[in-house]
Amino acid sequence: AVAAATAATAVSALRPKRRRDRRDRAWRRSVATTNETNASVTSSASASRFSTKESVIVTDLIAQSFIKIFNNAFLNTIERVRQPHLINVLKNLKTFAARVPPKYRGSIEKALRTEGFLSFLLSRAAVSLLCAKATLRPSQTKLGREHEELATVVEELYIAALLHAEDQWDLELKADGKTFMAVAASFVKHLADPAPLKTANIQAALLGLDANPLIWTRYGLDLLGISLNSISIGGYDTAAQTEPKDRRKVSLLGGDSLYATAQWAMAKLDSRACRKLIADTIASYSDGQLRKRELLWNLDLTVKQYLEIEKVAGVAAFFGASTACAAFVNKVSDGIAQQLAEFGADLGLVVSLLKDVRTVGMQTALKLGRISAPIIFAMQRDQRLKELLATRLTNKEDFEEALRRVKEYGMMPTIHLVNKLGARAAARLECLEESEEKEALLTLVRGVACLHLMEDGNVSSDDLSSEDFGDPESRVFDMKVANLRLRAQLQRVHSSEQRSKNRLESIQAIARGDDVTLSSRRRTPKGLGLEFDSEEVEWLILRGLERRTPLPQQLDLNHLLSCVTEGRDEVQKRLLALREAAQSTKLKNAITEVFSSGGKRLRPALCLLVHSMLKTEGSADADAAYEKVIVLATSIEIIHTASLVHDDILDDADQRRQQQTMHRIFGPDVAVLSGDFLFAHASGLIESLEDDDVTRLVSLVIEEFGYGELSQSAKRFDASVSLFNYLKKSFYKTASLLAAACRASAVLTGLRCEVCDVLYTYGFYLGLAFQIADDVLDFTGGEELGKPIGQDLAEGNLTAPVILCLQGSEELGLAASVDSSELARLIQRRFSGHGDLERSLQIINESGGVDRAYALAEKMANKALEALTLVAPTESEARRALAGLCRWAVRRSN
C-alpha cells in the first residue's frame, strides 16, 4: 500500500507544482460556477458569461467519484472475480489471438492492450462475472468454467463488432485508452493529495484490519501503468502496419474469426436462451450500425431516439447481453434476467454518454456528423448551433464555435442524464439477493455515474441545472425509478419463493425415491460433425481417396431438383421476407439485392431432398418436421449467402453470378454489417428449432468457416502446400455446410444417429467434389463466371489442378509434372515477372492439371454415392436426385 501511495506521489511530482495548483484551482472554479452557468442557459447574456469559464472536466468527476467509493471490501469483492476468472478470460482471448496467422493477429491483439483497473471495471466480461456471482444458485459456491466461457464470448463479440466497423474500431479504442489514461492520471493526482487519505474509506483500505495491501498495490500499479503507457494505448494503429487496401480485409478476417469462435463456444453452452439472445444482439447491432450511418447530420434527432439506437447499436448492447446471459446460465427467473439485461444496458449507456461528453468525444461527433446527446441538448437550447450544423461545419471557425456551444449548452444536461441512468440502473439491482457482489455492482454503477458526488453535494442538483431537475418530466422520472425499485424488490421476493418451492419439491422427490439428477444433465452429443475433430476430418478424406466406381450420367440441375420445387419456392419467399426484420433502409435494399440475384439454392435443396427421402408418410409429426426443415433450409442458405458477401470483400470480387457484388453496389461497410446481420439472423432461426444437435452442427460450421478462411490466407503462394491440407481447407470452407445440412435435416426428420452419420458423410464428399470442380472452373470457366481465367491462381490460392501438377498424388497414381519445378518458382515469386501467370497456366494445361482434378472430384463423388446406397437402398425421386447431384457436382459448367 505504501509502495502504491509513494509511486502515486512520484508520478504526481513529475508535473510542476504550479501546474498542479493551477489545475486544482480550475476544477474548483468550474464546479463553483456551474450553477451560474446552467441557471443561465435560457439567457444569451448569461451564456456569454459562461463562455469565459472553464468546463467541468469529466474524467476528474469520475476520478473523484471513485475516490469516494474506494474501500477494501469493494476491492476484495472484485478481486475474487478478477483472480482467477477474469485472468482466465484474458488468457482465452490471447490464446485465440495466438492461433491467428501473424498477418491478421494485430487487429485482435490490439483489443488486449489495456488491462488496467478501470478497463477491468468497465469491461463487459467483468460485469458479466459479477452478475454471475450475484445470481449463483444456493447449491453453487463459486463460478464455473461456463461463466468464464460466457464472459469470453461477450468480449469476443464486442471486439468482432468493432473490427467490422473499421473506422469505429480505431475511434473506440483510442477513446477508451485516452479516457482510462485521463481518469487514472486524475485518480493518482487526487490520491497524492493529503485530503483523500484522511477519509474513512481510504484509511480503511490502507490501514484497516481487513486491508489487503497486495490488492491495493496491484490496482495502484495498474493505474500507473495506464498513465505511463498512455502513448502506446492511444497511439497503436493497425493502419500503420498494413497497406490501406488490406485494412478492411484484416479487420473483416479478425472479426469473422472472433464471431466464429464465439458461435461455437455458445453452442457448447447449456443455455438456449443465451444463444438466442446473442444472435438477436448481433443482428440488432448490425442493423443499428447502418441506421446510425443513415442518421448522420440528422438535426431532428431526439435524445430518446438517440438512446434507443445506442441501446442496440452501441456498447450498451453488449453490456446488456453480458448481464442477461450471466443470469440465464444460472437459470434465474425471466423477470430477474430481464432486469439484469436492462441494468447492463443502462450501464452501457452511461459509459457511452461519458465518452460523448468528453471534449474528444464532442470533437469526433462534430467531425463525423454523429448527432450525440450533448449536441442534441445543446441544439434544444441554442438555435445558433443548429444553424452552424446545417452548414456541415465546413470551415475551422464554424467548427470551433460549434464545439464551444456544445460545451456550453450540452455538457451539463448530459451529465444530468448520466446521473438519471445510473440511478435507474442501481434501482434495477434491487431484484438481487443481498450479497457482496450485489454491493460491488451497486458501488460500481454509482461510481461510474457519479451519484456519490450528487448525494454529497460536490455537484449538487443546483450545480447541474435547477431547470432540468425541477421540471415535471424529471419528477416523473424519479417516480418511475422509485416504482422500478419496488417492482425489482417484488421480483426478488417472488424468485426467493420459487426457489424455496423448487427445493421443497426436490426434497419430496428424493423422499419418494425419484432420480432427480438425470433431468438436469445435458446429453453428451455423439456423431459426425458434432465436435471440432481434425482426426475425424482426416479419416473421411483418406476414405475418399480410395477405390473408384462409375458415376451416373450428368443431369440438368433443375430437373434433378424438380421433386422439391414447392419447398425451394417457400425458402425463396422467406429469404426475401427477411428484409422486414431490418430497420435500416440500406440493409433492406442489400437483402433484397442479394436474395433476388438468383443462385442454385443447392443447400436448401439438400435439406429438402434428405427429408423427402427419409420421411415417414402419414406420421403425426410429418407437418411439424417439414416446417422445421424449411426453417433449417432457409437458415442454411442465409449462412451461405453471408459467407459469400464477406468472401467477395476479401477477394476484391467485382461480380458474382454475372452480377455486381454487394460491396461494389453498397460499399464495404454496408456489405460487412449486412453479412453480420445475416449470420446472426440465421443463428436465431436455428435456435428457434430448439434442437441442441442442430445448433452444434451449424455453430461448428461457422467456426470452420473462419478456420478455413484463415488457413487459406496463411497458405497463399505456398508451393509446398499438400493435397491433404487443400482438402481439409476445402472441407472447412465449403463441404462442412453441405454435410451439416444433410445431417441436420435427418436429425429433424427423426432418424437415428447411425443414419445421420451416413448422411453427414454423403454431404462431406459431395461438398469436396463440388469445391474441387469449382476450383477447376477457375481454369475453364471464362467470362461466364464473371471473373478472368486464373484469378484464384493470381491471388495465390493454390487449388487441386495446381497442387496435382506440383506434387502429383500417390492415391491417384499420378506423378508430379515435368515442369513442376518451374511452376513452383513462378508461384514463389508471386508472378512478379512479365508473363509469369500466362506461363503458369500453360504448364497446368499441358500437364493435364484439369483432368487430374476431375479425377479427384470423381473419387469424392463416388464416396458420396456409396454413403447414399447405405442409407437409402430403395429408389425414390429424392434418392435419384441426390445420386444425380454427385455427377452434376463434378461436371457442371457454372
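What you see is a predicted model, and the numbers here were worked out from it, not measured in a lab.

To continue, consider the overall build of the chain. Counting its secondary structure elements, the chain contains 45 helices and two strands. In the chain, buried positions account for 58% of the 894 residues. Sequence separation of 24 or more characterises 80% of the internal contacts of the chain that already satisfy a separation of 6 or more. Just so you have it, the chain exposes about 36,600 Å², and 50% of that area is on carbon and sulfur atoms.

When you line up the elements, serine 688 lands in helix α36 (residues 668–688). Relative accessible area serves as the criterion here: at 43%, serine 688 is assigned to the partly exposed category. On a C-alpha basis, the gap between serine 688 and lysine 628 in space is 9.1 Å, while along the polypeptide they are 60 residues apart.

This part covers the packing of aromatic side chains. By the definition in use, this model includes seven aromatic pairs. A centroid spacing of 5.1 Å and a plane angle of 80 degrees characterise the contact between phenylalanine 764 and tyrosine 765, whose relative ring orientation is edge-to-face. Pair check on accessibility: phenylalanine 764 and tyrosine 765 agree, each one buried. Over the face of the ring belonging to tyrosine 158 we find arginine 124, whose NZ or CZ atom lies 3.8 Å from the ring centre. One residue, arginine 124, lies across the ring of phenylalanine 319, its end atom 5.6 Å from the ring centre.

Summed over all chains, the structure comprises seven cavities of 30 Å³ or more. Taken as a whole, the largest cavity spans an internal volume of roughly 190 Å³. In terms of lining, the largest cavity is formed by 13 residues, of which the most central are Val594, Ser597, Arg656, Gln660 and Met662. When contributions to the lining of the largest cavity are tallied by element, the ones reaching two or more residues are α32 (585–596), α34 (622–651) and β2 (659–660). By residue number, the principal contributor to the lining of the largest cavity is α34, which donates four residues. Counted by class, the lining of the largest cavity contains four nonpolar, five polar and four charged residues.

Our focus in this paragraph is the nonpolar core. Residues Tyr762 and Leu885 are the most contacted members of the largest nonpolar core, which totals 253 residues. Counting residues per element, this core draws most heavily on helix α38 (residues 723–749), at 16 residues. Not counting chain neighbours up to four residues away, the residues in contact with leucine 885 comprise Leu557, Leu560, Leu561, Leu602, Leu606, Leu609, Tyr762 and Leu766.

What counts, and at which threshold
Residues numbered from 1 in each chain as written. Predicted model: local features only at pLDDT ≥ 70, side-chain atom pairs only at ≥ 80, totals over all residues. Heavy atoms only, no water. Helix = DSSP H or I, 4+ residues; strand = E, 2+ residues; numbered from the N terminus. Buried < 20%, exposed > 50% of the residue type's maximum accessible area, 1.4 Å probe, protein only. Contact = heavy atoms within 4.5 Å. Areas by Shrake-Rupley, 256 points an atom, 1.4 Å probe, with all protein chains shown as cover. Phe/Tyr/Trp six-rings, centres within 6.5 Å; stacked < 30°, edge-to-face > 60°. Lys NZ or Arg CZ within 6 Å of the ring centre and 35° of its normal. 1 Å grid on protein atoms, 1.4 Å probe; cavity = no way out; pocket = protein on both sides within 12 Å on 5 of 7 lines; lining within 4 Å. Points joined across faces, edges and corners; volume = space filled by probe spheres on them. Nonpolar A, V, L, I, M, F, W, Y, C, P; charged D, E, K, R; others polar. Core = buried A, V, L, I, M, F, W, Y, C linked by side-chain atoms within 4.5 Å.

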